[in-house]
Structures are given as C-alpha cells and as structure tokens.
Amino acid sequence: MFDRLFAYLDSIRARDPAPRSRWEMLLYPGVWALFWHRVAHWLFEAELFFLARLVNHTSRFLTAIDIHPGAKIGRNFFIDHGFSVIGETAVIGHDVTIYQCVTLGGTNPTNGVGGKRHPTIGNNVIIGSGAQVIGPITVGDRARIGANAVVFDDVAEGATMVGFKARSTLVPVETYMREFMPYGTPCNEPCEPDPGRIAALEKQLTEMRAELDSLRKAFPQPAAGSEDETLRSGTQD
C-alpha cells in the first residue's frame, strides 16, 4: 500500500517542481480528491449510489474538485490546483495531468437515454488550465490540450489542440516531445534562476557600463547650446 502511495507521489513530483517533500504533496487537493474518488467509485460499483454521492459531495466541499463516482480513472492521475469537474462516464488513462478549472463534460442525448456522454482520455495526456473537453470523444495518448481550448472532436495521438473551437497545431506526431514537459517549457534547465548565471550577467552589465563611460569621455558630445550657435553662424556666412 505504502509502496503504491510513494510511487504515486513520486510521479507527481516528476511533473511538478514545486513540492520539496512527499509530506507537502499530501496537502494537495488533487491527491485527496483522487483518494476520495477511489472510495466513491468502489461504492458506485457496489451500487451503493447514495453513499457514493455522499462521499463525492464531501470531497467536493473539501477539495473544490468534483469527480463523479462513476468516472473511471487510471494510475498516477494528477489534478494540479483543482477546481475541475469530471463527468460520470469519463474514462481517464494512466499518467494523465490536468491543470486547474478543467471540465471533462458531457452532452445531453437527444433521446433522453443516458449512455457514454463524457470523453475518454488516453495515457500521458496533459490538459491545460481552463480547457473544456466535451462529449463522448477520444483524446489520444500523449495529446496536449492547450489552456482554455474547447474540444468537441476526437484528438489524434500526440496532437496539440489550441483555441476555440480547438484546432490542431499540425505538429508531426513522430517529432513531438514524448516526455513530460512541466509548464510546456522545452528545456532541461531548472525552473528557478541560477545564481551563478545572474552574477555573471550583473558582472557583464557592469563592464559594459564602464566601457560606455570610457567611450563618452573619449568622444564627448557637443552641448545643445554650442550646436545651435554653430548652425546659426553657418547660416549667417
């Protein structure tokens, strides 16, 4: 049990550079929302619908994240910050990352008969903050949904979707970044500034200022008044 918990927390740390310990991650609302959803989903599968809903509403009150007990969620699911909604028939794969204010919403069937109304999310998908993924569509593995994008159609594997209505950026799947990119920053440098680099830049700035001062002394500029006198004398001549 603890091995699985530690593996889950380590998967979060691999995607989020902010926490400094596992204990800190235990305060994340997304971690608690997933824990309570596991309980609610177990009750839902046992057809104890009222108790499942009770756990769901308690979790929503405590975490500001609403995950329907019927939603099916894979391993290492991470909701960063929260304020998200996941519908009843949503299916989420493994190692999926969702940022704040995301909706995995459904569509109302015209015949009034409930069925698959919510999206199916593949493995290693990242959904940016404020994105709305609506309807019984499929989002392929390794797809990226940009912030505030609104998606109504199937998303190809590895595609990046942006805009309203969301459209693909047409980045070839075979050349797209396959590993997780925190905050969409395609570099291996740390997110925090390097003190040594800052010191080097400050030294370079000081040297440039000294060089500029020496150039000003070597080539003094004429005062504004003397320049006007020169122009006037030239006109009179």
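Since this is a predicted model, take the numbers as computed values, not measurements.

Conventions we followed
Numbers given to residues run from 1 along each chain, matching the order in which its sequence is written. Only residues with pLDDT of 70 or above have their local features reported here, since the model is predicted, and side-chain atom pairs are shown and tallied only from 80 upward, although totals for entire chains, interfaces and linings are computed over all residues. Working from all heavy atoms in the structure, the side-chain values ignore hydrogens and water. Secondary structure elements are defined from DSSP: runs of H or I of at least 4 residues count as helices, runs of E of at least 2 residues count as strands, and each element is numbered from the N terminus. For each residue, the accessible area found with a 1.4 Å probe, counting protein chains only, is set against the maximum for its type, and the residue is called buried under 20%, exposed over 50%, and partly exposed in between. We call two residues in contact when some of their heavy atoms are within 4.5 Å. Following DSSP output, two strands are said to pair if at least two bridges run between them.

A.B. asks: Explain unusual backbone geometry to me, please; I cannot follow it from the model alone.
C.D. replies: Outside of glycine, negative phi angles account for most residues, and trans bonds account for most peptide bonds. Of note in this structure, Ala64 is not a glycine but carries a positive phi near 65 degrees. Relative to the assigned elements, Ala64 resides in the loop between α4 (49-63) and β1 (66-67). Look at Ala64 and you get partly exposed, because its relative accessible area is 33%. In this model, Cys101 sits at a positive phi of 65 degrees, which is unusual for a non-glycine residue.

A.B. asks: How should I be thinking about the environment of Val31 in this particular structure?
C.D. replies: Position of Val31 relative to the elements: it lies in helix α3 (residues 29-45). On the basis of relative accessibility, which here comes to 8%, the residue Val31 falls in the buried class. Setting aside anything within four residues of it in sequence, one finds Val31 in contact with Tyr8, Ile12 and Met25.

A.B. asks: Help me out: how do you make sense of the sheet that holds strand β14 (residues 160-162) in this one?
C.D. replies: Whether parallel or antiparallel, the strands of a sheet pair through hydrogen bonds between backbone atoms. Spatially, the six strands line up as an open sheet ordered β3-β6-β9-β12-β14-β15, and their pairing is mixed. Bordering the open sheet on either side are β3 (78-79) and β15 (167-168), each of which pairs with just one other strand. With two bridges connecting them, β3 and strand β6 (residues 97-98) associate as parallel partners. Residue pairing in the sheet places Ile79 in a bridge with Ile98 of β6.

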